[in-house]
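Single-letter residue listing:
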Amino acid sequence: MYKLEKENLRRSSDYIAKILRPSLIKTFMTMYFDKEVVERILSEEEMSVTAAAQMLLDRMCFLEEEGWFQAFLDTLFASEYTGLHKAIQDWNFRELEELNEHRKLLERIEPSITKHIKPSELLTYMNDCLKPRECEEIKAVDIQKGNIAAGQKLVDTLLRSDKSNWFKVLKMALDACSCYDALELLESNGGSTAAMGCRSDGEADSMTTETITTVSFEFREETESEDMLMSANNMTVTETPSGFTGEYVRSSERKLREYQKELADAAEGQNTIICAPTGCGKTIVAVAICEQHLKKCAGRAKIVFLATKVDVYEQQYKLFKEHFSTTDPNIKVTGLCGDMDHMDLSVRLLIESNDIVVLTAQILVNALQTGEVPSLDLLTLILLDECHNTTGKHPYNNIMTRYLDTKLSSSTQSLPQIVGLTASVGIGSFKDKTEAENNILQLCANLDTRVIATVTKHLDELRSYVHTPEKEFFEVPERTCDPFIRIIKNIMSNIEQLALKTFNIESLSNIQNRDYGSQKYEQWIVSVQKSCRVLVMKDPEEERRICRDLCNYTEHLRKYNDALIINEDARTKDSLDFLDGFFEQVRNAGFDETERKLTALYDSQRPQLLRLATEGQQNPKLEVLKFILDEEYHINDQTRTVLFVRTRALADAMKKWINDTDSLKFLMPGVLIGKGRKSNFTGSAMTPTNKKGVLDSFKSSDQSKILIATSVADEGIDIPQCNLVLMYEYVGNVVKMVQVRGRGRAKDSRCFLISSNKDRIMKEKINMIKEKIVEEAIVELQSRPDLSYKVDRLQREDKARRDHVSASPEKPKKQGSYRLLCGKCKKFACLSDSLRVVQESHHIALDRSMFERFTTVPHKKPRSFCGFSKNKKMLCGDCKHDWGLIASYLTIQDLPLLKIESYVVQDCVTEEQFYFRKWRDVTFAIQEFDMKEITPETWPLRD
């Protein structure tokens, strides 16, 4: 695999090793290499960066994991190795080779030039060719070791730069900082002021003229992919000579469709919700709005584009970066998301040093909460992708609440323009047009807008580009009689009886009428487990035993319930595989007497379950799905399908079914699921790189022809054009319906709902009616003269409610000592007195004796965040319950990093017990962490 790429890497290693700094792409290394390998490469970098880069390249040539090469390219691009990224992508190093003369010159005069420069001043003018981290390192050397050492660090950094303009930027920076002696060294040793178009004294060189090129880009956007700005096939470049005037002349003309222009013009200078169908190119409209804004606020524009998810962030950041680097490289674009290792970057610094910053919304929320970004008046424009999420406790609404509080409390503070983008404003529950109007008005109030922009003038053009798939329904009869289900339900009944002998579990929950294999049964289990955790008995040992047994019983009941749900939608074989995987984990964990009984109960029935899984009846829903796929691909073998399912487990099961079905295995299914915190089956969580690999494979006609996706794919992610959307028991609200249906973008595309649940089919039909109601409500509101008045009134009412809540006295945190007990077996873990909070969100225990009460296992996916490096998982020494992580922090090794949901909190005086899901919910005070508490005697430090 990747034979050609590996061979090219070997041939190009001399070029790459002279530029690449491994520590700047640490995320790639930790994703594909063992921790020891990463540490060796980083250790080698401290002695020789080139040798470390060569070591990295050598190790890459042994990688076999799918998607690693694309991940390498993506990491290079995200780390701002734009020149190296382009060179490797095209396998053309000519532009980098042309920099060799400049490198040799700078290397030759380095001992002299470093005496004549002021690195800290030069950095202000060198953002275009230096990364933020490189600037910070040079500043640190300047503070610690002085001017000359910082100058040497700057030169070393430039010698490894892949930016084609670094030599020119350096000379312009020297000129701006009046470092004429250093500039003269560059000039007299082969540089030329003519190349800059200026003398060292800043006067124009009248003896030199230079012909440059005015580049005009015309974009002809096709329908292949939503929000795709340009490609090799839709960009026309015309070149005309232009007299040199001392700076490059560049013009960009993007041919917007008329309906896109209509939407962009509607948002000029005013807060606006842009509501347009999925696939019409809303991100292109967003870019056009940014360009208008940059011209209007020339020199002072600060734009933030907010995304709801990391996946969408990756997509939009790349699009903005590529667009502006092509049309106007002077526009600085950067981004930051919650999955990046460099979370210690200053959000304020990013905003102040760039024109456009793409962020996941929670990043901005955190920066506002900590005061790092003191106020939204730092910005001039905020764009909110999928803005229908601006409700409740969503990060979007958190940001807009701050916006509105500022607006309604101060008449002097300037605030940014707000532009929201969505495919549907049909939020909340409603029965008629009046209720729909009220919901939309609330969204307008939350976003402080009185304008809902829809396409009205150029509706015919919009319809010619955006195709709404036909919707069809397949109601499938349920299985008549299934012995597999009967056996599983009988096992569950036996487990309930065993649990009742231990304790009256019926008294632990108020949930009644729970059917096996239902969501309500899952809710009952959660309710019982929550009550069980805080169960108090006279005998502590009896309490521990009962709590642990009930936890085991309910966890097994949960897995059997999950297996019934899988069996309902997939094959019986997949349900059995799921159970086999669970019991393998139980055996490997070292189970107790109760778990031995439960495992024996399963083992006694497994031969019968295996026979039924092998010989039993087929799932009627799968037969219908197979019929649809066989027909569609018989008619058109180039059909592209997105199959939406409800759960990750089902996505995995459907992939196995397709691969095991002879007539369908040619589809080579890809699976697109969310990251998720926990999973019930191996390999379920997906990294952004994994997702990109799956999407890239789906784009290629000779590879995957069907994409199996959970809800991660219904909003925001750009899935290539497909002509068949299948909703497999997958129904949500109006917004979800619009998003999912919009994945079928090809002409004559179709959308099928397959379900054995009549209520689910009816709900989707009601959603279709509600969609029409929303459309009518928008038209009504657009013509209402009192729209502004109603929005203002809602904002005042919301502000009054917020003020009332904030005026209520906050319940003070209790003082005193508390015990943290294992949430499964009630084993003592530590005292609350040993807890410390780091960076207002991470909770550690400074108690060395705690290591005697837990065991550790290596973490499968070690990574760094906020100064922490997680490397192990922490498990209860008795029952192996997950207690949290073992991580290093700065110079401190092996700190227990606790998850409060894994513990029960017991008051040391009253013996009362409490259970908290979030650290913010705890009722007792926790001290701030102070580095002075750590000494070599109390805690091991890194070497």
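Predicted model, so just to flag it, every value in this text is computed and none were measured.

Conventions used here
- Residues numbered from 1 in each chain as written.
- Predicted model: local features only at pLDDT ≥ 70, side-chain atom pairs only at ≥ 80, totals over all residues.
- Heavy atoms only, no water.
- Helix = DSSP H or I, 4+ residues; strand = E, 2+ residues; numbered from the N terminus.
- Buried < 20%, exposed > 50% of the residue type's maximum accessible area, 1.4 Å probe, protein only.
- Contact = heavy atoms within 4.5 Å.
- Areas by Shrake-Rupley, 256 points an atom, 1.4 Å probe, with all protein chains shown as cover.
- Expected span 1.5 Å × (residues − 1).
- Phe/Tyr/Trp six-rings, centres within 6.5 Å; stacked < 30°, edge-to-face > 60°.
- Lys NZ or Arg CZ within 6 Å of the ring centre and 35° of its normal.
- Core = buried A, V, L, I, M, F, W, Y, C linked by side-chain atoms within 4.5 Å.
- Salt bridge = Lys/Arg side-chain N within 4 Å of Asp/Glu carboxyl O.
- Pairing = 2+ DSSP bridges.
- Polar contact = N/O pair within 3.5 Å; in protein donor to acceptor, adjacent residues only side chain to side chain.
- pLDDT = per-residue confidence, 0-100.
- Axes fitted to C-alpha atoms, helices over the stretch in contact; angles between N-to-C directions.
- Parallel < 35°, antiparallel > 145°, perpendicular 65-115°, else oblique.
- Nonpolar A, V, L, I, M, F, W, Y, C, P; charged D, E, K, R; others polar.

A. Region of the structure containing the overall build of the protein. Looking only at helices and strands, one finds 34 helices and 26 strands in the protein. For the protein, with 943 residues in total, the buried portion stands at 52%. The contacts of the protein with a sequence gap of at least 6 include a subset with a gap of at least 24, amounting to 72%. Taken as a whole, the protein presents about 43900 Å² of accessible surface, with 49% of it coming from carbon and sulfur.

B. Expanded view of helix H4 (residues 35-47). Helix length check: H4, at 13 residues, gives a terminal C-alpha distance of 19 Å against a target of 18 Å (1.5 Å per residue), a fit within 8%. Next to the buried residues of H4 lie helix H3 (26-32) and helix H5 (49-60).

C. Structural detail: the packing of aromatic side chains. Counted under the stated rule, the structure contains 26 aromatic pairs. Ring plane angle 20° and centroid distance 5.9 Å describe the contact between Phe 69 and Trp 91, whose orientation is recorded as stacked. Pair noted here: Phe 69 is in helix H6 (residues 68-78) and Trp 91 is in the loop between helix H7 (82-90) and helix H8 (94-97), with a separation of 22 residues, a long-range link. Overall, Phe 69 belongs to the buried group, its relative accessible area being 8%. Taking the centre distance of 6.3 Å and the plane angle of 15° together, the rings of Phe 914 and Phe 916 count as stacked. Overall, the relative accessible area of 19% leaves Phe 914 in the buried class. In textbook terms, an aromatic cluster arises when at least three aromatic residues are bridged by ring pairs, as seen for Phe 28, Tyr 32, Phe 33 and Phe 72. Positioned above the aromatic ring of Tyr 81 is the side chain of Lys 131, whose terminal nitrogen or guanidinium carbon lies 3.9 Å from the ring centre. It is Arg 848 that lies over the ring of Phe 851; its NZ or CZ is 4.4 Å from the centre.

D. Examining the nonpolar core more closely. Counting 64 residues, the largest nonpolar core has Leu 20, Met 60, Leu 84 and Met 126 as its most contacted members. Apart from residues no more than four positions distant in its own chain, Met 126 is found in contact with Leu 154, Leu 158, Val 169, Leu 170 and Ala 173. Listed in part, the 63 residues of the second largest apolar core include Ala 499, Ile 566, Leu 625 and Ile 628.

E. Structural context of the pattern of salt bridges. Overall, the coordinates contain 55 salt bridges when judged by the stated rule. One salt bridge connects Asp 577 with Lys 573, and the closest N-O pair in it is separated by 3.1 Å. Residue Asp 577 and its partner Lys 573 are both found in helix H27 (residues 572-588); the two are separated by 4 residues, about one turn of the helix. Judged by relative accessible area, which is 29%, Asp 577 ranks as partly exposed. Residue Lys 573 is classed as partly exposed on the basis of its relative accessible area, which comes to 33%. Connected through salt bridges with shared partners, the residues Arg 21, Glu 45, Arg 133, Glu 137 and Lys 153 form a single ionic network.

F. Representation of the sheet that holds strand E9 (residues 452-453) in the model. Taken in spatial order, the 7 strands of this open sheet run E5-E6-E4-E7-E8-E3-E9, and their pairing is parallel. Either end of the sheet is taken by a strand with one partner, and the two such strands are strand E5 (333-336) and E9.

G. Structural view of the pairing of strand E17 (residues 828-831). When strand E16 (residues 818-822) meets E17, the two strands line up antiparallel, connected through 3 bridges. Its bridge partner being in E17, Arg 819 is matched across the sheet by Leu 831. Between E16 and the antiparallel strand that follows it, E17, lie 5 residues; Lys 826 among them carries a positive phi value of about 65°.

H. Layout of the sheet that holds E16. Spatially, 4 strands are ordered E17-E16-E24-E25 in an open sheet, and the strand pairing comes out antiparallel. A single partner strand is all that each edge strand has here, and the edge strands are E17 and strand E25 (913-914). Where strand E24 (residues 903-907) lies against E25, 2 bridges are found, and the strand directions are antiparallel. Considered in E25, the bridge of Gln 906 is made with Gln 913.

I. Focus on the side chain of Asn 767. Inspection of the secondary structure assignment puts Asn 767 in helix H33 (residues 758-782). Within the structure, Asn 767 has its side chain in polar contact with the backbone oxygen of Gly 732 (distance 2.9 Å). Beyond its immediate sequence surroundings of up to four residues, Asn 767 is in contact with Val 731, Gly 732, Asn 733, Val 734 and Met 737.

J. Representation of the environment of Leu 781. Residue position: Leu 781 is located in helix H33. Once residues lying within four places of it in the same chain are set aside, the contact partners of Leu 781 are Glu 437, Ile 440, Leu 441, Ile 452 and Leu 787.

K. Layout of unusual backbone geometry. Unlike most non-glycine residues, Glu 386 shows phi in positive territory, near 55°. Looking at where Glu 386 falls in the secondary structure, it is placed in the loop between strand E7 (381-385) and helix H21 (395-409). What makes Glu 386 buried here is its relative accessible area of 7%. Positive phi, close to 45°, is recorded for Met 668, a residue that is not glycine. Inspection of the secondary structure puts Met 668 in the loop between helix H30 (648-660) and strand E12 (670-672).

L. Highlighting the environment of Gln 70. On the secondary structure map, Gln 70 appears in helix H6. Since its relative accessible area comes to 24%, Gln 70 is described here as partly exposed. Taking the C-alpha atoms as reference points, Gln 70 and Gln 89, separated by 19 residues in sequence, lie 9.3 Å from one another.

M. Geometry of the confidence of the model for the protein. Predicted confidence across the protein gives a mean pLDDT of 82, with 86% of residues reaching 70 or more. Scored below 50 in pLDDT, residues 191-253 shows 134 contacts in the model against residues more than four places distant or in partner chains.

N. The arrangement of the packing of H21 against helix H34 (residues 787-807) in detail. Where H21 contacts H34, the two axes come as close as 11 Å, and the packing angle between them is 100°. Our classification of the angle between H21 and H34 gives roughly perpendicular. Of the residues in H34, those touching H21 at Thr 401, Leu 404, Asp 405, Lys 407, Leu 408 and Ser 409 are Gln 795, Lys 799 and Arg 802. For the contact of H21 with H34, the per-class residue count stands at 2 nonpolar, 3 polar and 4 charged.

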